[in-house]
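Now for the letters of each chain:
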Amino acid sequence: DKLGIKYTEKYGESSVVATINPEKAHFTIGIRADMDALLIEEKTDLPFKSKTKGKMHACGHDAHTAMLLGTAKALKAMEDKIACRVLLIFQPSEEGMRSGAAELVKGGLMNEIDVIVGMHIENWLESGTIGVCKGSSMASSRSFRIDFYGATAHATLPHTGVDALAAAVRTYNDIQYMLGRELNPFSKYVCSIGKLEGGTTQNVIADHAYMLGTIRTFDMEVDSFLIRRIGQIAENCAKEIGARSELNTSLKALVVYNNPYISDLVLDSVAKVVGAENIVQMPEKLSSEDFSQYLTQTPGASIRLGTRNEEKG
């Protein structure tokens, strides 16, 4: 509002998409910043620490939002010198179970964009450096939840119930065996179960338990194999003791593929700002980014901005 830049919230819930040069729609560059936070208490005394108790921008999304606002201010001041349209994409829910990027794609945003770039801060890179990993750079991300349903009973009468927690524990152990014995050791993947919970108290057989997990991989065939086998293992472990399992899963992020040509254009621009000597080659990472949702629709690149400064801690 203060910069006089028109914007809309029509593409997705909690999103803001602003436009520079709306009349130059023959070619459009999208620039994306994710802006959500995590349910984490920020335990620092920094002057820029979170002002909201129990929530913080643990992945630097406050920096991303500030950088795109700065970009908006700079581009608005020189818009008559820019030969195309620019969409400034403030995206919600990169961290959430629902992908904000997927929502914006569904809302038709990418029908307006010819090429897209995003920037994420990177604390493993020295401040003043910028890196891009050309080609496949980040893994896909799938979350899953398995519920186990049994029958409750008093702990002194275990034979009259069906222990859902036992089915969950057995499933957890069998998944670990599967990961160690059924997958090619050279596969690039991570499969982690971060939560297993069941029961209500110490002297009652659990009639319900559940686990939450994540799968990250550079190979979508590995992703398909893992989620299929996890479902089979859960079903078999539950059935064997008379329980029932239910698997729910969502593929939140695909493999981030940085178009090599776009990446080179970006690096040519970066060299003019920070110097060619401050460009670094980013390695592949098994972390994920829902920026990949945009890249299924149009070419683009995700850039890493170094923030590491040991002198400042």
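To be clear, the structure that these remarks concern was listed above.
Treat the numbers as computed from the prediction; the structure is a model and nothing was measured. Numbering of residues starts from 1 in each chain and follows the order in which that chain's sequence is written. With pLDDT at 70 or above as the cut-off, local features in this predicted model cover only qualifying residues; side-chain atom pairs require 80 or more to be listed or tallied, and sums for whole chains, interfaces and linings still use all residues. Each side-chain value is worked out from all heavy atoms of the structure, with water and hydrogens disregarded.

**Q** Quick question: what am I supposed to make of the overall build of the chain here?
**A** Secondary structure counts use DSSP, requiring at least four H or I residues in a row for a helix and at least two E residues in a row for a strand, with both numbered from the N terminus. Along its length, the chain carries six helices and 16 strands. A principal-axis box enclosing the C-alpha atoms of the chain has dimensions of 80 × 45 × 45 Å. Looking at the chain residue by residue over its 313 residues, the buried ones come to 42%. Two residues form a contact once any of their heavy atoms are found within 4.5 Å. Long-range pairs, those at least 24 residues apart, make up 81% of the contacts in the chain between residues at least 6 apart in sequence. Surface exposure here means Shrake-Rupley accessible area, sampled with a 1.4 Å probe, where a residue is shielded only by the protein chains that are shown. Approximately 16,900 Å² of the chain is accessible, and the part contributed by carbon and sulfur atoms is 54%. Of the charged side chains in the chain, 34 are positive and 39 negative; the average position of the first set lies 2 Å away from that of the second. Classification of residues uses two cut-offs on accessible area relative to the type maximum, computed with a 1.4 Å probe and protein chains only: under 20% is buried, over 50% is exposed, and between them is partly exposed. Counted as positive: Lys and Arg. Counted as negative: Asp and Glu, with His and the chain ends omitted from the count. Every charge is mapped to an atom, namely NZ of Lys, CZ of Arg, CG of Asp or CD of Glu.

**Q** Explain the sheet that holds strand β12 (residues 208–217) here, please?
**A** Where strands meet in a sheet, backbone hydrogen bonds hold them as pairs that are either parallel or antiparallel. Paired strands, as defined in this entry, are two strands with at least two bridges between them according to DSSP. Here we have four strands laid out as an open sheet, ordered β10-β12-β8-β13, and antiparallel in their pairing. Each edge of the open sheet carries a strand with a single partner, namely β10 (189–198) and β13 (244–253). For this sheet, the mean inter-axis angle between neighbouring strands, taken without regard to orientation, is 15 degrees. As defined by bridge partners, strand β8 (residues 140–149) adjoins β12 across 10 bridges and the pair is classed as antiparallel. Of the residues in β12, the one forming a bridge with aspartate 147 is tyrosine 210. Between N-to-C directions, angles span 0 to 180 degrees; the directions come from axes that are lines fitted to C-alpha atoms, helices contributing only their stretch in contact.

**Q** I would appreciate a short explanation of helix α1 (residues 61–77) in the present structure.
**A** Structural remark: α-helix, 3.6 residues per turn; residues separated by three or four positions point the same way. To estimate how far a helix should extend, the number of its residues minus one is multiplied by 1.5 Å. Between its terminal C-alpha atoms α1 stretches 24 Å, which fits the 24 Å expected from 17 residues at 1.5 Å a residue. Here α1 has its buried residues at His61, His64, Thr65, Leu68, Ala72 and Leu75. All buried residues of α1 fall inside an arc of 95 degrees around its axis, so they share one side. Looking at α1, the residues exposed on the side facing more than 90 degrees away from the buried face are Lys73 and Ala77. In this structure, the buried residues of α1 make contact with β2 (16–20), β3 (28–34), β4 (85–91) and β5 (115–126). Directions are taken from the helix axis to each C-beta atom, and the arc is the one they span.

**Q** What am I meant to see in the pairing of β2 here?
**A** Looking down a regular strand, the side chains alternate between one sheet face and the other. One ladder, built from two bridges, connects strand β1 (residues 7–8) with β2; its direction is antiparallel. When the sheet's bridge partners are listed, threonine 8 is paired in β2 with valine 17. Of the strand pairs in this sheet, β2 and β4 are connected by five bridges, and their pairing is antiparallel. Among the inter-strand pairings, valine 16 is bridged to a residue of β4, identified as phenylalanine 90.

Spatial relationships are all this shows, so hold off on functional conclusions.
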